Amino acid sequence: MATIVSLKGVTKDYGRDNVVTRALRGVDLNLGGGEFAAMAGPSGSGKSTLLNIIGGLDRPTEGRVEVDGRSLVDLSGGELSRLRRDRLGFIFQNFNLIPVLTALENAEYVLMLQGQAQAARRERVRAILREVGLEGLENRFPRELSGGQQQRVAIARAIAAEPALVLADEPTANVDSKTGAALLGLMRRLNEEKGVTFFFSTHDPAVMKQARRLIVLRDGRIAGDGPPAAQRIED
Amino acid sequence: MILRLAWRSIWRQKRRTLITVVSIGFGLALAVFFIAVAEGAYSQLVEQVVRMQAGHVTIENPAYRDAPAIDLRVDGVGRLRAEIERLDQVESTKLLILGQGVARSGAGAVGVSLMGVEPAGEAKTSPLSRNLVAGQYLAPEDDALVVIGRELAERLKLDLGRKLVLTTNDVSGQLKEELCRVKGVFATGSPEVDGYLVQAPLKFLGRLFGLPPDSATQVGLILKDPADQSRVIKAVRGLTGGRDLAVLPWQEVMPELAAYIRMDRGSNWIMQAILLFLIMFTIFNTILMSVLERSREFAVLLALGTAAGQVRRQIITETIYLGLIGCGAGLLVGGLASGAAQVWGINMSALMPEGVTISGFAVSPVFHAKLTWPILAWSGGLVFGATVLLGLIPTRRAVRVSVVDQLRG
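Computed from a prediction, not measured in an experiment: that's the story for all the values here.

Caption draft 1: Up close: the overall build of chain A. Each helix and strand in chain A was counted, giving seven helices and 10 strands. The C-alpha atoms of chain A give a radius of gyration of 17 Å, which matches the 18 Å a tight globule of 235 residues would have. Put simply, chain A has 235 residues, and 48% of those count as buried. Considering only residue pairs separated by 6 or more positions, chain A has 68% of its internal contacts joining residues 24 or more positions apart.

Spelled out as structure tokens, the structure:
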């Protein structure tokens, strides 16, 4: 299993001058291709910060971050953009679909950025939307979809370009538990059938149980790493 | 997809987009209309004045402009005008004798400008013939007959057919007098013209001033299209190359009129620019609002791997759409309004019953706009360019959003 993410001594400080908040304190972490890993921990434990750093949206104060074999601290802004476009997928807590694009157009957005021909990308995205259970809803705008359907579009958008890693920040936080379970089932199926690597943060114990690996963060440090059953979570 | 994204983005706030488009369109339509009306007024003024005076192009003695005197004349005018009239751009030529004198009646005496004209041609083109309030205009067979302005007639208590004496110095400096009668009275609305101008047949004034036959103080050229002025001047200078003659554009013959038009045109453009500048603030505000309220959306686009340049292009494309719709509407409305004013004119006589004078010259109270492609291109281009330039400023803010902060929010 090739290593997709490698973090070594990652520290992240926020603030300036005398008021500094340390969000991450020397985090070491490796994620392999094909993993379905969750990250849990109390609010303020550094989950989102860690996802942002792995996703190249934020830079660490100290430490080394390698994603898909590339050291992120050495990349320029443009190179980070291209890495996110070509090798990473993002799923956000608030779905964050583009309101003026239809489900199909949202899902094909990254493929459009990559310069893929319209006919080819449409064919591909229709198949993915079918796979995530949105057949027949391709031409609906986000406002015409339920929260669960919107998150399915977001998942389709995240996996459309076949990224090396999909990062999901509390993907089930804004949907009811039944929809959350269905979304997680979908992500897990994509992981098993298509080999998509998922790394997501969550507060939901039901979601944590579905992960094959659970990383527990506490006060900016990794407090546990292994199968969910072996971890102790404190809120 | 950027085009589609931009197009749909501008319509997500329909009311705001419509207000922006209407602001651009309204400002541009007003600018086009007022500039076209002003250009029409200048054009009318110039046409009226040059036809009454020495034409779009004037040929005269090179020393005349510095010290106008009756002996500074052009000889051999018959052959010269025959050559000039062969030019395609020339509608007609006219001979003038211009001098100073005193008009005297039983009621008094007034210093006047004497203008000798050829009645046959002048009757067709001169505004004086169209502004007669009493009597008739000069006819080719007339000799000791004159037309005078209403104010002069009132001051000298002259009615139609009454006698007056014109006194002047002839070319040899001798005092000369001729008796003549009033054939017509005109009223142009201009105090200078109505109070001090006496028009008489060319041969009569030639005799009064003692000019030799086949001579005049000016040869005026009326052009079919005033835009051909510099080409005609070049051609006429070629024709008169061997002779010591000045070939002048009307702007040099009537510099005060040219200066007035330049100044008025400049202030008109400045007024329109101020108006548009104010409108541009509304547009800038709209674009800025539209960008600021979508900070999170831009953060998502950047997070997904959209290059900053692509986000900028999207916003600029939105601005271009706003500019195109606004400018298109503005040019259409402004063009149609100006076109209507060009065909039917705007009658200002109710607002100015005493008549309209511009820079001392009387003009028709019915203003016809003059809509030209340069007016549409310049005003449309300036407004469109300013709109797009304004869009560049918020663009910088859009790509400087903190992706992490926006996504966290």
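Caption draft 2: Quick look at the overall build of chain B. Check the secondary structure of chain B and you find 15 helices and 16 strands. Taking 22 Å as the expected radius of gyration for a compact globule of 409 residues, we find that chain B reaches 30 Å, considerably beyond that expectation. Across its three principal directions, the C-alpha atoms of chain B cover 100 × 50 × 30 Å. The 409 residues of chain B split such that 43% are buried. Excluding contacts between residues fewer than 6 apart, the proportion of contacts in chain B whose partners are at least 24 apart in sequence is 81%.

Caption draft 3: View of the packing of helix 5 (residues 147–159) of chain A against helix 6 (residues 177–194) of chain A. Residue and element names in this part refer to chain A. Contact geometry for helix 5 and helix 6: axes closest at 10 Å, N-to-C directions at 15 degrees. Judged by the angle between their axes, helix 5 and helix 6 are roughly parallel. Here the hand of the crossing between helix 5 and helix 6 comes out right-handed. For the pair helix 5 and helix 6, the contacting residues are Gly147, Gly148, Gln151, Arg152, Ile155 and Ile159 in the first and Thr179, Ala182, Leu183, Leu186, Met187 and Leu190 in the second. Taken together, the residues of the contact of helix 5 with helix 6 break down into seven nonpolar, four polar and one charged.

Caption draft 4: Fine view of the domain arrangement of chain B. For chain B, the domain assignment lists domain 1 (2–48 + 258–404) and domain 2 (54–252). Just the C-alpha atoms count here: the centres of domain 1 of chain B and domain 2 of chain B sit 46 Å apart.

Caption draft 5: Examining the sheet that holds strand 2 (residues 19–32) of chain A more closely. All names here are of chain A. Spatial strand order, 2-1-4-5: four strands in an open sheet with antiparallel pairing. Among the strands making up the open sheet, the edge pair consists of strand 2 and strand 5 (70–71). Relative to strand 5, strand 4 (residues 62–67) is paired through two bridges, and the arrangement is antiparallel. Bridged to Val67 within strand 5 is Arg70.

Caption draft 6: Region of the structure containing the interface of chain A and chain B. On the chain B side, the residues contacting the 21 residues of chain A number 16 residues. Secondary-structure elements contributing two or more residues to the side of chain A that touches chain B are helix 1 (47–54), helix 2 (77–87) and helix 3 (103–113) of chain A. Looking at the side of chain A that touches chain B residue by residue, the class counts come to 11 nonpolar, five polar and five charged.

Caption draft 7: Representation of the pairing of strand 3 (residues 36–40) of chain A in the model. Residues and elements named next belong to chain A. Burial analysis of strand 3 places four of its five residues in the buried class, which makes it a mostly covered element. Across four bridges, strand 3 lies against strand 9 (residues 213–218) in parallel orientation. Paired with Ala37 across the two strands is Arg213, which belongs to strand 9.

Caption draft 8: How the structure looks around the sheet that holds strand 3 of chain A. Residue and element names in this part refer to chain A. Pairing in this open sheet of six strands is mixed, and the strands run 6-7-8-3-9-10 from one edge to the other. The sheet is open, and its two edges are formed by strand 6 (88–91) and strand 10 (221–226), each paired on a single side. Adjacent strand axes in the sheet meet at a mean angle of 20 degrees when their direction is disregarded. Alignment of strand 9 against strand 10, held across five bridges, turns out to be antiparallel. Bridged to Leu217 within strand 10 is Ile222. On the sheet, helix 5 packs against strand 6 and strand 7 (165–169) and is oriented at approximately 170 degrees with respect to strand 6.

Caption draft 9: Region of the structure containing helix 13 (residues 308–344) of chain B. For helix 13 of chain B, with 37 residues, the first-to-last C-alpha span of 53 Å sits near the 54 Å given by 1.5 Å per residue. Just downstream of helix 13 of chain B, B:Gly345 is the residue with a positive phi angle, here 80 degrees.

Caption draft 10: Up close: the nonpolar core. One finds A:Ala156 and B:Val32 to be the most contacted residues of the largest nonpolar core, which totals 183 residues. It is helix 2 (residues 14–52) of chain B that contributes the most residues to this core, 19 residues altogether. Looking at which domains feed residues into this core, each of domain 1 (2–48 + 258–404) and domain 2 (54–252) of chain B gives three or more. Those residues in contact with B:Val32, other than ones at most four positions away along the chain, are B:Gly330, B:Leu331, B:Gly334, B:Gly335, B:Ser338, B:Ile375, B:Leu376 and B:Ser379.

Caption draft 11: The packing of helix 3 of chain A against helix 5 of chain A, seen in detail. Residues and elements named next belong to chain A. In contact at an axis separation of 7 Å, helix 3 and helix 5 are set at 30 degrees when each is read in the N-to-C sense. With respect to each other, helix 3 and helix 5 are oriented roughly parallel. As helix 3 runs across helix 5, the sense of the crossing is right-handed. Packed against helix 3, whose contacting residues are Ala103, Asn106, Ala107, Tyr109 and Val110, the element helix 5 presents Val153, Ala156 and Arg157 at the interface.

Caption draft 12: Layout of the environment of B:Phe26. Within the element layout of this structure, B:Phe26 appears in helix 2. It is 34 Å that separates the C-alpha atoms of B:Phe26 and B:Val49, two residues lying 23 residues apart in sequence.

Caption draft 13: Focus on the environment of B:Glu192. By the element assignment, B:Glu192 lies in helix 7 (residues 191–196). When the C-alpha atoms of B:Glu192 and B:Phe209 are compared, they prove to be 23 Å apart, with 17 residues separating the residues in sequence.

Caption draft 14: Spatial organisation of unusual backbone geometry. Residues and elements named next belong to chain A. Residues other than glycine seldom take positive phi values, yet Asp68 does so here, at roughly 55 degrees. The residue Asp68 is located in the loop between strand 4 and strand 5 in this model. The exposure class assigned to Asp68 is partly exposed, which follows from the 18 C-beta atoms found within 10 Å. Of note in this structure, Glu170 is not a glycine but carries a positive phi near 45 degrees. Tracing the backbone shows Glu170 in the loop between strand 7 and helix 6.

Criteria and cut-off values
- Residues numbered from 1 in each chain as written.
- Chains lettered and ligands numbered in written order.
- Predicted model: local features only at pLDDT ≥ 70, side-chain atom pairs only at ≥ 80, totals over all residues.
- Helix = DSSP H or I, 4+ residues; strand = E, 2+ residues; numbered from the N terminus.
- Rg over C-alpha atoms; globule rule 2.2 N^0.38 Å.
- Buried ≥ 20, exposed ≤ 12 C-beta atoms within 10 Å, placed from the backbone.
- Contact = placed C-beta atoms within 7 Å.
- Axes fitted to C-alpha atoms, helices over the stretch in contact; angles between N-to-C directions.
- Parallel < 35°, antiparallel > 145°, perpendicular 65-115°, else oblique.
- Left-handed = near helix turned anticlockwise from the far one by under 90°.
- Nonpolar A, V, L, I, M, F, W, Y, C, P; charged D, E, K, R; others polar.
- Domains from an automatic or database assignment.
- Pairing = 2+ DSSP bridges.
- Expected span 1.5 Å × (residues − 1).
- Core = buried A, V, L, I, M, F, W, Y, C linked by C-beta atoms within 7 Å.

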